[in-house]
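Survey of secondary and tertiary structure
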Amino acid sequence: MKERAAELRAEGKKGAKKADGLQAVLDRISEMAPEDRALAERVHVTVTAAAPDLSPKTWYGMPSYANEDGKIVVFFQDSGKFGYRYSTLGFQDAAHLDDGDMWPVSYALKKWSPVVEKKVTQLVKAAVS
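Overview of the structure.

Section: unusual backbone geometry
Even without glycine at this site, Y60 takes up a positive phi of about 55°. Summarising the element assignment, Y60 is placed in the loop between strand 1 (55–59) and strand 2 (62–66).

Here is the structure:
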C-alpha cells in the first residue's frame, strides 16, 4: 500500500507523467530477480509493441499498462513479489476480454517462448480492442 501511495503522489503533468511512468516500470523491472526480470522485459517489449497507446506505469509496485483514461489494462507480477512459483500476467476490468459469463484474467508465466509471445500478443491486442 505504501508503494501505491508513493505512486499516486508522484503523478504529475500528463507528458511528464508518462515518462515518469516508463522510468518507474524500467526501474521496477531492474530490481527483479534475473528469471523474473527476463520475463518482465519480454512482457514489456511485447505489450508496448502490441498496444503502443497503453501507458506504462507501476501499480502497487508492479509494472502495468494503462489506457488513455488511466485505468490499468494489463500488469505483470513477478514471482518474487509474493513468493509464488510463477510470475503472473494479469488483466483488469478495463481489458476487453469478456467471453460469456466467465473468462480468464490471469495467466501464469514460467518461461518465455515464441508460443508464449504469440499468446500474450493476442491477449493484449484483444484487451485494447
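Following the structure, the description resumes.
Notes on the nonpolar core
Judged by nonpolar contacts, the single largest core of 24 residues is most densely connected at V47, L54, V74, F76, L89, F91 and V124. Of all the elements in the fold, those that place two or more residues in this core are helix 2 (14–30), helix 3 (34–50), strand 3 (72–77), strand 4 (87–91) and helix 5 (114–128). Examining the composition of this core, we find that five residues originate from one element, helix 3, more than from any other. If we skip the residues at most four places from it in the chain, V124 touches V47, A50, A51 and F91. Ranked by size, the runner-up nonpolar core spans five residues in total, among them W59, M62, A66 and F75.

Concerning the pairing of strand 2
Buried residues dominate strand 2, accounting for five of its five residues. Residue alternation in strand 2 divides its side chains into two sets, M62, S64 and A66 and P63 and Y65, and both sets are buried. Of the pairings in the sheet, the one linking strand 1 to strand 2 comprises five bridges and is antiparallel in character. From the neighbouring strand, P56 faces strand 2, where its bridge partner is Y65. Joining the antiparallel neighbours strand 1 and strand 2 is a turn of two residues, in which Y60 adopts a positive phi near 55°.

Some words on the environment of Q92
Secondary-structure assignment places Q92 in the loop between strand 4 and strand 5 (106–109). On the basis of relative accessible area, Q92 is assigned to the partly exposed category, the value being 27%. Residues Q92 and A127 lie 35 residues apart in sequence; the distance between their C-alpha atoms is 9.3 Å. Q92 has contacts with W59, I72, V73 and F75, leaving out every residue within four places of it along the chain.

Conventions and cut-offs
Residues numbered from 1 in each chain as written. Predicted model: local features only at pLDDT ≥ 70, side-chain atom pairs only at ≥ 80, totals over all residues. Heavy atoms only, no water. Helix = DSSP H or I, 4+ residues; strand = E, 2+ residues; numbered from the N terminus. Core = buried A, V, L, I, M, F, W, Y, C linked by side-chain atoms within 4.5 Å. Buried < 20%, exposed > 50% of the residue type's maximum accessible area, 1.4 Å probe, protein only. Contact = heavy atoms within 4.5 Å. Pairing = 2+ DSSP bridges.

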